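Remarks on the overall topology
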Amino acid sequence: MSVCKSLKGYTRKHERLADLFSLLAVALLFGTLYIVLAYHTPIVGWLKKDAVIHVPIAIALLVFDIFIMYLCLNIGATRYDDEEDESCFHTFKGRRSGSGSIGVMFSNWLHHMEQVGKKHR
């Protein structure tokens, strides 16, 4: 059993833990946006001091931040199905599941949210 499947099985049994990880991902997203917008002047000044060293560090921090958000979302976004062969990171099909129409995409998203709400009751 892979680490992903064991984490997914654990969060299926402990729904509050899955909710906590989803909340952490959202908090990390908005926290990152707040820090970047609130401290943009010092950040840009720091980047201009030594661009050769500081820009790759900033990019690495951004990639790490996105990775942590993605990890928290995947731990928090568990399905309550009995299928054991379900892959770990395919909880929502996204835009490619329907046609390119905005209405169809919104309808697919709305149907997905209704199903998630039913499974958590």
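Residues numbered from 1 in each chain as written. Predicted model: local features only at pLDDT ≥ 70, side-chain atom pairs only at ≥ 80, totals over all residues. Heavy atoms only, no water.

**Focus: the overall build of the chain**
On a plain count of helices and strands, the chain comes out with 5 helices and 0 strands. Each helix (α) and strand (β) of the chain, taken in turn from the N terminus, gives the series α-α-α-α-α. Considering the chain as a whole, with its 121 residues, one finds that 13% of them fall into the buried category. When contacts within the chain are restricted to residue pairs at least 6 apart in sequence, long-range pairs at least 24 apart make up 63% of them. Summed over its atoms, the accessible surface of the chain is roughly 9,400 Å², and 69% of this surface lies on carbon and sulfur atoms. (Helix = DSSP H or I, 4+ residues; strand = E, 2+ residues; numbered from the N terminus. Buried < 20%, exposed > 50% of the residue type's maximum accessible area, 1.4 Å probe, protein only. Contact = heavy atoms within 4.5 Å. Areas by Shrake-Rupley, 256 points an atom, 1.4 Å probe, with all protein chains shown as cover.)

**Some details on the layout of surface pockets**
Which parts of space are left empty comes out when a probe the size of a water molecule is rolled across the atoms. Counted as a void, the second largest pocket has a volume near 390 Å³. Along the wall of the second largest pocket there are 14 residues; nearest its centre are Val 36, Ile 43, Ala 58, Leu 61 and Leu 62. For the lining of the second largest pocket, the secondary structure elements donating two or more residues are α2 (15-38), α3 (40-49) and α4 (51-76). No other element matches α4, which puts 6 residues into the lining of the second largest pocket. For the lining of the second largest pocket, the residue count by class is 11 nonpolar, 2 polar and 1 charged. (1 Å grid on protein atoms, 1.4 Å probe; cavity = no way out; pocket = protein on both sides within 12 Å on 5 of 7 lines; lining within 4 Å. Points joined across faces, edges and corners; volume = space filled by probe spheres on them. Nonpolar A, V, L, I, M, F, W, Y, C, P; charged D, E, K, R; others polar.)

**So, α4**
Because each turn of an α-helix spans 3.6 residues, side chains separated by three or four positions in sequence point in the same direction. Taking 1.5 Å per residue, 26 residues should reach 38 Å; α4 reaches 37 Å between its end C-alpha atoms and fits that length. Among the residues of α4, His 54, Asp 65, Met 69, Cys 72, Asn 74, Ile 75 and Gly 76 are the ones counted as buried. (Expected span 1.5 Å × (residues − 1).)

**Quick look at a nonpolar patch on the surface**
A cluster of nonpolar side chains, contributed by Val 26, Leu 29, Phe 30, Leu 33 and Leu 37, occupies part of the molecular surface with about 490 Å² of accessible area. Its location among the elements puts Leu 29 in helix α2. By relative accessible area, Leu 29 is classed as partly exposed at 36%. (Patch = residues over 30% accessible without salt bridge, like charges linked within 9 Å, V, L, I, M, F, W, Y side chains within 5 Å. Salt bridge = Lys/Arg side-chain N within 4 Å of Asp/Glu carboxyl O.)

**A short note on the side chain of Asp 65**
In this fold, Asp 65 is placed in helix α4. Assessed through its relative accessible area of 13%, Asp 65 is described here as buried. Within the structure, the side chain of Asp 65 is placed 2.7 Å from the side chain of Thr 32, a separation counted as a polar contact. Setting aside residues no more than four positions away along its own chain, Asp 65 makes contact with Leu 28 and Thr 32. (Polar contact = N/O pair within 3.5 Å; in protein donor to acceptor, adjacent residues only side chain to side chain.)

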